[in-house]
Amino acid sequence: MDTPTPTPSDATLTHTPSATPTATSSGTATPSATPTTTSSGTSTPSDTSEFDLASLERDPGLRCPIWKYPPNVRDDIRREYIRLGPCQPQLRRDQYPATKFGTQRRRFQASWFNTFKWLEYSVSKDAAFCFPCYLFESDASSQHAFTIDGFKSWKRVNDNERCAFLVHIGTSNSPHKKAIKSYEGLKNVTRHIDKVINCQSLEEVKKNRLRLRATI
């Protein structure tokens with residue numbers, strides 16, 4: 001029996017279909033820029049000029065934790081992920097694997113994307129993730145269920161006030177709510193930058209047309 005859809009909602013995010021993921025042998029994506037190896041053995045990109053935003057991993061179960069990137073490129077990476085939107089693959093009901101809980105079989109439901117706009121799904125891990133919490137998680141965080149490990153205890157989704165997604169959202173001062181505020185702030189800045197670039201592009205087109213007319 002599949003879990004019914006919960007009703008509460010949260011921040012509005014935008015979905016874009018995911019790209020084909022790439023992974024390391026450990027199952028976690030690493031940045032595709034030329035890496036430098038730290039004392040702990042973790043590879044990270046060495047600087048902004050070497051990092052290719054087009055190569056960002058889309059599957060939340062495979063992508064590199066945001067705090068493993070150098071501080072000088074994190075906002076660029078966040079803005080690119082915001083442009084792409086949360087990973088929300090719209091599969092057929094039977095394409096989400098069923099997991100047995102006692103005598104019942106439960107599975108992820110695409111309808112949850114409509115209720116929890118921040119929600120992501122990893123095909124590789126058959127697990128749920130939180131988009132804003134991933135973008136603004138720090139290495140000091142002790143809770144990685146919705147950012148690195150993935151959540152897949154589907155029987156806990158439809159559990160009234162104990163619903164795992166509602167528990168994750170938490171109170172007004174919860175890590176999730178703080179991540180939502182940071183997400184909204186950066187999204188607004190990104191929109192402003194895009195608007196400025198578009199205005200500059202339109203102005204350049206007008207100038208080029210004037211030059212062409214003058215030449216003719």
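This one's a predicted model, so the numbers in the text were calculated from it and none came from an experiment.

1. Considerations on the overall build of the protein
Each helix and strand in the protein was counted, giving six helices and six strands. Counting from the amino terminus, helix and strand elements in the protein follow one another as β-β-α-β-β-α-β-β-α-α-α-α. Burial status across the protein gives 39% buried among its 216 residues. At a minimum sequence separation of 6, the contacts of the protein that also span at least 24 residues come to 65%. For the protein, the exposed surface amounts to about 12,200 Å²; the carbon and sulfur share of it is 51%.

2. Points about the state of the cysteines
Enumeration over the complete set of coordinates arrives at zero disulfides. With no disulfide of its own, Cys 130 has Cys 133 as its nearest cysteine by sulfur position, at a separation of 3.4 Å.

3. Regarding the packing of aromatic side chains
Considering all chains together, one arrives at 18 aromatic pairs under this definition. Arranged with centres 5.1 Å apart and planes meeting at 80 degrees, the rings of Phe 108 and Trp 112 form a pair that is edge-to-face. Neither residue differs from the other here; Phe 108 and Trp 112 are each classed as buried. Members of the aromatic cluster, joined through ring pairs, are Tyr 96, Phe 108, Trp 112, Phe 113, Phe 116, Trp 118, Tyr 121, Phe 146, Phe 151, Trp 154 and Phe 165. We note Arg 63 situated over the ring of Tyr 134; from NZ or CZ to the ring centre the distance is 3.8 Å.

4. Regarding the pattern of salt bridges
Overall, the coordinates contain six salt bridges when judged by the stated rule. In this structure, Arg 83 engages Glu 80 in a salt bridge whose closest nitrogen and oxygen atoms are separated by 2.7 Å. Of this pair, Arg 83 and Glu 80 both sit in helix 1 (residues 71-84), three residues apart, which is roughly one turn of the helix. Residues Asp 94 and Arg 92 are paired through a salt bridge, measuring 3.3 Å at the closest nitrogen-oxygen approach.

5. What to know about the confidence of the model for the protein
Chain-level pLDDT for the protein is 77 on average; 64% of the residues reach the 70-or-more range. Across the protein, element-level confidence peaks in strand 5 (residues 119-122) with a mean pLDDT of 98 and bottoms out in strand 1 (residues 35-37) with 44. Counting contacts from residues 14-26, a segment whose pLDDT is below 50, to residues more than four positions away or on other chains yields 26 contacts. Taken as a whole, residues 32-44 scores under 50 in pLDDT and shows 24 contacts with residues more than four places along the chain or in a different chain.

6. A word on helix 1
An ideal rise of 1.5 Å per residue puts 20 Å on 14 residues; helix 1 measures up with 21 Å between its terminal C-alpha atoms. Listing the buried residues of helix 1 in full gives Val 73, Ile 77, Arg 78, Glu 80, Tyr 81, Ile 82 and Leu 84. Of the residues flanking the end of helix 1, it is Gly 85, one or two places downstream, whose phi is positive at about 85 degrees.

7. Comments concerning the pairing of strand 6 (residues 127-130)
Of the two faces of strand 6, both are covered, the one formed by Ala 127 and Phe 129 as well as the one formed by Ala 128 and Cys 130. Turn length for the strand 5-strand 6 hairpin, with the two strands adjacent in sequence and antiparallel, is four residues, and the turn residue Asp 126 shows positive phi of about 50 degrees.

8. Points about the nonpolar core
Phe 108, Trp 118, Leu 119, Trp 154 and Phe 165 are the most contacted members of the largest nonpolar core, which totals 22 residues. Those elements that provide at least two residues to this core are helix 2 (112-115), strand 5, strand 6 and helix 5 (164-169). Non-local contacts of Phe 108, meaning those with residues more than four positions away in its chain, are made with Tyr 96, Phe 113, Leu 119, Tyr 121, Ala 128 and Trp 154. Within the second largest apolar cluster, 15 residues are counted, among which are Tyr 69, Ile 82, Tyr 134 and Tyr 183.

9. As for unusual backbone geometry
Here Asp 126, not a glycine, exhibits a phi torsion of approximately 50 degrees, which is positive. Topologically, Asp 126 is positioned in the loop between strand 5 and strand 6. Assessed through its relative accessible area of 8%, Asp 126 is described here as buried.

10. Things to note about the environment of Cys 163
Within the secondary structure layout, Cys 163 lies in the loop between helix 4 (145-149) and helix 5. For Cys 163, a relative accessible area of 1% corresponds to the buried category. Contact partners of Cys 163, with chain neighbours within four places excluded, come to Arg 156 and Val 157.

What counts and what doesn't
For every chain, the first residue of the written sequence is number 1, and numbering continues from 1 along that sequence. Residue-level local features of this predicted model are given only where pLDDT is at least 70; pairs of side-chain atoms are given and counted only at 80 or more, and the full residue set underlies all totals for whole chains, interfaces and linings. Note that water and hydrogens are dropped before the side-chain values are worked out from all heavy atoms of the structure. Numbering of helices and strands runs from the N terminus; a helix is a DSSP stretch of H or I covering at least four residues, while a strand is a stretch of E covering at least two. Burial status follows relative accessibility: with a 1.4 Å probe on protein chains alone, a residue under 20% of its type maximum counts as buried, one over 50% as exposed, and anything between as partly exposed. Note on contacts: a residue pair qualifies if any of its non-hydrogen atoms lie within 4.5 Å across the two residues. Areas reported here follow the Shrake-Rupley algorithm with a probe of radius 1.4 Å; residue values treat only the protein chains shown as occluding. Here, a disulfide means two cysteine sulfur atoms that sit within 2.5 Å of each other. Put simply, two rings from Phe, Tyr or Trp (the six-membered ring, in Trp's case) pair if the centres are within 6.5 Å, and we call them stacked under 30 degrees between planes, edge-to-face over 60, tilted for the rest. Criterion for a charge above a ring: Arg CZ or Lys NZ at most 6 Å from the ring centre, at most 35 degrees from the ring normal. Think of a salt bridge as a Lys or Arg side-chain nitrogen and an Asp or Glu carboxyl oxygen that are within 4 Å of each other. Within a predicted model, pLDDT stands for the predictor's per-residue confidence, ranging from 0 to 100. Every helix has an expected span of 1.5 Å times one less than the residues it contains. Strand pairing requires that DSSP identify at least two bridges connecting the strands. Definition used in this section: a nonpolar core is a set of buried Ala, Val, Leu, Ile, Met, Phe, Trp, Tyr and Cys residues joined via side-chain atoms within 4.5 Å.

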